[in-house]
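Architecture at a glance
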Amino acid sequence: MSGRPTSRPSGSRGTPGTAWQKTTAKPTTGAKPKSASPKKAANKAGTSTALVPRSKQGAIATRKGMAPIPMKKQDGMLVPEGYTVRKIEPAKNYDVVSFARAMNPDFAPRVKKLFDPEREAAIAAQKSGVYIGWRCPEFTWDCQRVSSMSKCFCGHLLGEHNSYNGHSVRVPCRQPGCSCKAFAWIPSRPEEIGEFWFARRRDFDPEAWRAKCRCKHTHEDHDPNGMRRCKMRGCGCSVFDSPFLCAACDQHWEVHETFFETESMRRDKGLPYGEEYLPFHEMPELRNIVLTGEETDDSVYRALTEGEGAIPHTNVRAIADNNTPFSFGGGGRGGGRSGGFRPTYD
Ligand SMILES: [Zn+2]
Ligand SMILES: [Zn+2]
Ligand SMILES: [Zn+2]
Ligand SMILES: [Zn+2]
Ligand SMILES: [Zn+2]
């Protein structure tokens, strides 16, 4: 039913010298893949990454026409579904985009749109020095880059919560009538749980979509505190239990946490910061697509990393309050986050 792959990269987080490779595993049941925990890519020297199909005909044949881009996020990277990492030669670097283009002619604009919120979160973090990441506590990467436009379990945006800085631990909501005591990122677009087909339905309303619990009620129907029991009359649900998995790590929403950190805290923990926090930092073509919509256009990247206006690596500035505007590089549109989850069926 889902057409999900049954395997995932053995490496993670843009391991240099690796390529996304078509796996032979064929998803026929839609069952959730079982796999090992992702490993940290210790090495950061940029050699190359490339998208190389093991079976080109097979891969393209299954992606004809205007089917939704079969992408998912893994360890912070968007990956065409069914691909995994393997070592390749640097010369094959360009295959990343050429193959992706062959799969889908509007690949670039759609990837850019998918990553708009995370790009804005990354740029805002680099400029403010306040990094907000959603991940399992032991991870050395974020499953999701969070911005003030990101949605909380309580249904309100981070920017509608109390002021925060890089040392915040629990950021309560300040909306009237909301009891939320701590911001917790929740997916707000169906694409974020891998449900790309939703957006193609004629009657789809992106504003109305909500992530749901197994009890079928949305996160907003659940108590934002404690075990997050369901508040709907007659529902015996005592704890929010997500029927979807994080595509970056294959784990449930509940085992993730939202972390507020400064650049130096991230450095100490071995987490990416500065320009390495940009989506696809290790893959220049995809990085450019996310930044500009064009794989050959590195103007935004250069503006962010060189000369005046470059990302300040040592500027760890706290956000004083919610009136301190974040600077969203892309213009600050709302509309949800990217990547992160995919559904399971049981
Ligand atoms: Zn709230
Ligand atoms: Zn909240
Ligand atoms: Zn429930
Ligand atoms: Zn319920
Ligand atoms: Zn995750």
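Everything below is about the structure printed above this text.
Nothing here was measured: the structure is a model prediction, and the numbers come from that model. (Residues numbered from 1 in each chain as written. Chains lettered and ligands numbered in written order. Predicted model: local features only at pLDDT ≥ 70, side-chain atom pairs only at ≥ 80, totals over all residues.)

Comments concerning the overall build of the protein chain
Here is the rule: Helix numbers and strand numbers start at the N terminus; a helix is a DSSP run of H or I with at least 4 residues, a strand a run of E with at least 2. Contact definition: two residues whose C-beta atoms, as placed from backbone geometry, lie within 7 Å.
Looking only at helices and strands, one finds six helices and ten strands in the protein chain. When contacts within the protein chain are restricted to residue pairs at least 6 apart in sequence, long-range pairs at least 24 apart make up 70% of them.

Topic: the packing of helix H3 (residues 107-128) against helix H5 (residues 284-292)
Keep this limit in mind: In this analysis, axes come from line fits to C-alpha atoms, helices being fitted only over the stretch in contact, and the angle between any two N-to-C directions falls in the range 0 to 180 degrees. Should an angle fall under 35 degrees it is taken as roughly parallel, and over 145 as roughly antiparallel, whereas 65 to 115 is taken as roughly perpendicular and any remaining angle as oblique. Amino acids are sorted into nonpolar (Ala, Val, Leu, Ile, Met, Phe, Trp, Tyr, Cys and Pro), charged (Asp, Glu, Lys and Arg) and polar (every other residue, Gly among them).
Between H3 and H5, the shortest axis-to-axis distance is 7 Å and the interhelical angle comes to 75°. Here H5 runs roughly perpendicular to H3, going by the angle between their axes. The residues of H5 that touch H3, namely those facing Ala108, Val111, Lys112, Phe115 and Arg119, are Ile289, Val290 and Leu291. Among the residues making up the contact of H3 with H5, the classes are represented as six nonpolar, no polar and two charged.

What to know about the nonpolar core
The test is simple: In this usage, the nonpolar core is the set of buried Ala, Val, Leu, Ile, Met, Phe, Trp, Tyr and Cys residues whose C-beta atoms join them within 7 Å. To sort residues by burial, count the other C-beta atoms lying within 10 Å of each one's C-beta; a count of 20 or more means buried, 12 or fewer means exposed, and anything in between means partly exposed. C-beta atoms are built from the backbone.
Counting residues in each nonpolar core, the largest one holds 52 residues, and the members touching the most others are Val111, Ala125, Cys152 and Val290. Among the elements of the structure, H3, strand S6 (130-135), strand S8 (244-246), strand S9 (257-262), H5 and helix H6 (299-305) are those that each provide at least two residues to this core. If sequence neighbours within four positions are ignored, cysteine 152 has contacts with Leu158, His161, Cys173, Cys180, Phe183, Ala184, Trp185 and Ile186.

A short note on the pairing of S6
Spelled out, the test is: Here, a strand pair is defined by DSSP locating no fewer than two bridges between the strands.
Of all six residues making up S6, six are buried, and the element is well covered by its neighbours. Where S6 meets S9, six bridges bridge the pair, whose relative direction is antiparallel. Residue valine 130 lies in a different strand from S9, and its bridge partner there is threonine 262.

Topic: the sheet that holds strand S7 (residues 144-145)
The antiparallel open sheet is built from three strands, whose spatial order is S7-S6-S9. With partners counted over all chains shown, the strands left at the sheet margins are S7 and S9, one partner each. When S6 meets S7, the two strands line up antiparallel, connected through two bridges. Across the sheet, tryptophan 134 pairs through a bridge with glutamine 144, a residue of S7.

What to know about H5
Taken across its nine residues, H5 has eight buried, putting it largely inside the fold. Looking at H5, one finds that the buried residues are Pro284, Glu285, Leu286, Arg287, Asn288, Ile289, Val290 and Leu291. Just beyond H5, the residue with positive phi is glycine 293, at close to 90°.

Brief notes about H3
For clarity, the threshold we go by: In a helix, the anticipated span is given by 1.5 Å times the number of residues less one. What the bend at a residue measures is the angle between two axes, fitted to the seven residues ending there and to the seven starting there.
The first and last C-alpha atoms of H3 sit 31 Å apart over 22 residues, in line with the 32 Å expected at 1.5 Å per residue. Along H3, the largest kink reaches about 55° and is centred on phenylalanine 115; proline proline 117 follows within four residues of it. Once H3 finishes, glycine 129 follows within two positions and takes phi at roughly 80°, a positive value.

Structural notes on the environment of cysteine 136
Relative to the helices and strands, cysteine 136 resides in the loop between S6 and S7. Cysteine 136 gets classed as partly exposed once you count the C-beta atoms within 10 Å, which come to 18. Put simply, cysteine 136 and cysteine 249 are 113 residues apart on the chain and 8.6 Å apart in space, counted from C-alpha to C-alpha.

A short note on unusual backbone geometry
Peptide bonds are, in most cases, trans, and in most cases residues other than glycine have a negative phi. At lysine 216, a position not held by glycine, the phi torsion is positive, near 80°. Inspection of the secondary structure assignment puts lysine 216 in the loop between S7 and S8. Judged by the 12 C-beta atoms lying within 10 Å of it, lysine 216 falls in the exposed class.

By themselves, these figures tell us nothing about what the structure is for.
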